[in-house]
Amino acid sequence: MEFQTLKEDTCFYFHGPVNIGYLRNGEEGMLIDAGIDASTMKKVLKRLMQEELPLTHLFITHAHSDHYGGAHYLQNQRTVHTAAPILEEAILQYPILEPLYLFGGNDPLSELRNKFLEGTPIKIDQTIEEGFCQIGSFSIEAILLPGHSYHQLGLLYQEIFYAGDSYFGEKQLEKHGIPYLTDAQTAMDSLHKLLTVTCRGSVPGHGTFEENFQSTVQANLDYHKQLLDWLEEEIGKKKDGMTHEDVIASMCAHYQVRTPQLSQWLLFRTAVTAYLIALLKQNRVTSEIKDYRWVFKIIN
Ligand SMILES: [Zn+2]
């Protein structure tokens, strides 16, 4: 992980597979997200020690284990005041909620209780809602960016924006094939909102810091639009419509995603359904329960 300065003495980030932000204000220092596990956090703590930088606060943008898996280790090692968005905070304190919702509300099988779907519970000291807020001595604007996670918040501090997973770097988009979303319409609304954020640059959760991040945000919008157009056309090929299960299979096969295990398949089931939700909200498809199946048809 590379430690990069974005604004002298104030804004930094650890650039890795999952980026971790760092803010400094005098004697206080705040991490934004905590990486996937203890070994990532050990590297972060070592580097902050070397640089003689303080660590007093932690903010988690959203409750996905690759963003908070290292937080439990941090809370054991240091006294850190921890803040998180409302609702996400519930999952951070009861992480079984993630495999539980991915499994459609059934008690998750043991194979679903892995570090990719379920981190170790952490303690939350402060919950944050959209708007201006104070976390310790840090005066921050929190911006609500749902669509990838229900109540994800991005943070704007000293004109640097920490965007969580509200958009992905272009390489990450291609790599994912079908990016993980909970509602593609809401995700696109959040991307439009990002285009209105005035700042000196932005760090996504996966990707690199960019001053002109708007072109990457636009690439995300274009990518989602292309998936929606493909999906509408695919459903339109079947005059009797397509079952939910067939839509998942067709889209996963077309975008060549890998789902060797139930846990990956459940993530893609949610992602594909997120695009179906957008088509429903845009009145491009309808759905009904027919012969005990959830069936989608295009609107002619
Ligand atoms: Zn995420």
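Residues numbered from 1 in each chain as written. Predicted model: local features only at pLDDT ≥ 70, side-chain atom pairs only at ≥ 80, totals over all residues. Heavy atoms only, no water.

1. Some details on the overall build of the protein
Step number 1: Tallying secondary structure elements over the protein gives ten helices and 15 strands in all.
Step number 2: For a compact globule of 300 residues, the expected C-alpha radius of gyration is about 19 Å, and the protein comes in at 20 Å, within 12% of that figure.
Step number 3: The C-alpha extent of the protein, read off along each of the three principal axes, is 65 × 40 × 30 Å.
Step number 4: The buried share among the 300 residues of the protein stands at 54%.
Step number 5: Summarising the internal contacts of the protein: among those between residues at least 6 apart in sequence, 67% fall at separations of at least 24.
Step number 6: Accessible surface, the protein as shown: approximately 13900 Å² in total, 48% of it carbon and sulfur. (Helix = DSSP H or I, 4+ residues; strand = E, 2+ residues; numbered from the N terminus. Rg over C-alpha atoms; globule rule 2.2 N^0.38 Å. Buried < 20%, exposed > 50% of the residue type's maximum accessible area, 1.4 Å probe, protein only. Contact = heavy atoms within 4.5 Å. Areas by Shrake-Rupley, 256 points an atom, 1.4 Å probe, with all protein chains shown as cover.)

2. Quick word on the packing of aromatic side chains
Step number 1: Counted under the stated rule, the structure contains eight aromatic pairs.
Step number 2: Arranged with centres 5.7 Å apart and planes meeting at 50 degrees, the rings of Phe12 and Tyr22 form a pair that is tilted. Of this pair, Phe12 sits in strand β2 (residues 11–15) while Tyr22 sits in strand β3 (residues 20–25); the two residues are ten residues apart in sequence, bridging distant segments of the chain.
Step number 3: For Tyr22, a relative accessible area of 0% gives the class buried.
Step number 4: Measuring from centroid to centroid gives 5.5 Å for Phe138 and Tyr157, while their planes differ by 70 degrees, and the two rings are edge-to-face. In this pair, Phe138 sits in strand β9 (residues 138–144) while Tyr157 sits in strand β10 (residues 153–157), placing the two residues 19 residues apart along the sequence.
Step number 5: Residue class for Tyr157 comes out buried when judged on its relative accessible area of 5%. (Phe/Tyr/Trp six-rings, centres within 6.5 Å; stacked < 30°, edge-to-face > 60°.)

3. What to know about the side chain of His67
Step number 1: Tracing the sequence through the fold places His67 in helix α2 (residues 65–68).
Step number 2: Judged by relative accessible area, His67 falls into the buried class, the value being 0%.
Step number 3: Of the polar contacts made by the side chain of His67, one reaches the side chain of Asp165; its length is 2.9 Å.
Step number 4: Residue contacts for His67: discarding those within four places in its chain leaves Val18, Asp33, Ala34, Gly35, Ile60, Thr61, His62, Asp165, Gly205 and His206. (Polar contact = N/O pair within 3.5 Å; in protein donor to acceptor, adjacent residues only side chain to side chain.)

4. Looking at the side chain of Glu88
Step number 1: Mapped onto the elements, Glu88 comes out in helix α4 (residues 88–93).
Step number 2: Although Glu88 is buried, it makes no salt bridge; Lys193 carries the closest opposite charge, 13 Å away.
Step number 3: In this structure the side chain of Glu88 is engaged in a polar contact, spanning 2.7 Å, whose partner is the backbone nitrogen of Ala63. (Lys, Arg positive; Asp, Glu negative; His and termini not counted. Salt bridge = Lys/Arg side-chain N within 4 Å of Asp/Glu carboxyl O.)

5. Remarks on the packing of helix α9 (residues 244–254) against helix α10 (residues 262–281)
Step number 1: The contact between α9 and α10 brings their axes to 10 Å, and the two run at 105 degrees. Relative to α10, the element α9 lies roughly perpendicular. Where α9 abuts α10, its residues His244, Val247, Ile248, Met251 and Cys252 lie against Trp265, Phe268, Arg269, Val272, Thr273, Tyr275 and Leu276. (Axes fitted to C-alpha atoms, helices over the stretch in contact; angles between N-to-C directions. Parallel < 35°, antiparallel > 145°, perpendicular 65-115°, else oblique.)

6. Things to note about the coordination of the zinc ion
Step number 1: The coordination sphere of the zinc ion contains the protein donors His62 (NE2), His64 (ND1), His148 (NE2) and Asp165 (OD), at a distance range of 2.1 to 2.3 Å.
Step number 2: Classification of the site at the zinc ion rests on its four donor atoms, whose angles at the metal span 88 to 178 degrees, yielding the label irregular. (Donors = N, O, S within 2.8 Å, 3.2 Å for Na, K, Ca; no water. Tetrahedral: all angles 85-135°; square planar, octahedral: opposite > 155°, others 65-115°.)

7. Thoughts on the domain arrangement of the protein
Step number 1: Along its sequence, the protein is carved into domain 1 (2–166) and domain 2 (230–298).
Step number 2: Computed over C-alpha atoms, the centres of domain 1 and domain 2 are 32 Å apart.
Step number 3: Listed by partner, the interface residues are eight residues for domain 1 and six residues for domain 2.
Step number 4: Around 580 Å² of area is buried between domain 1 and domain 2 when both sides are counted, 72% of it from carbon and sulfur atoms.
Step number 5: Sorting the residues of domain 1 by area buried against domain 2 places Leu102, Leu112 and Leu117 first, and these three jointly supply 63% of that buried surface.
Step number 6: Inspection of the region where domain 1 meets domain 2 yields zero salt bridges.
Step number 7: Scanning the region where domain 1 abuts domain 2 turns up one residue pair in polar contact (both at pLDDT 80 or more). (Domains from an automatic or database assignment. Buried area = accessible area lost by both parts, 1.4 Å probe.)

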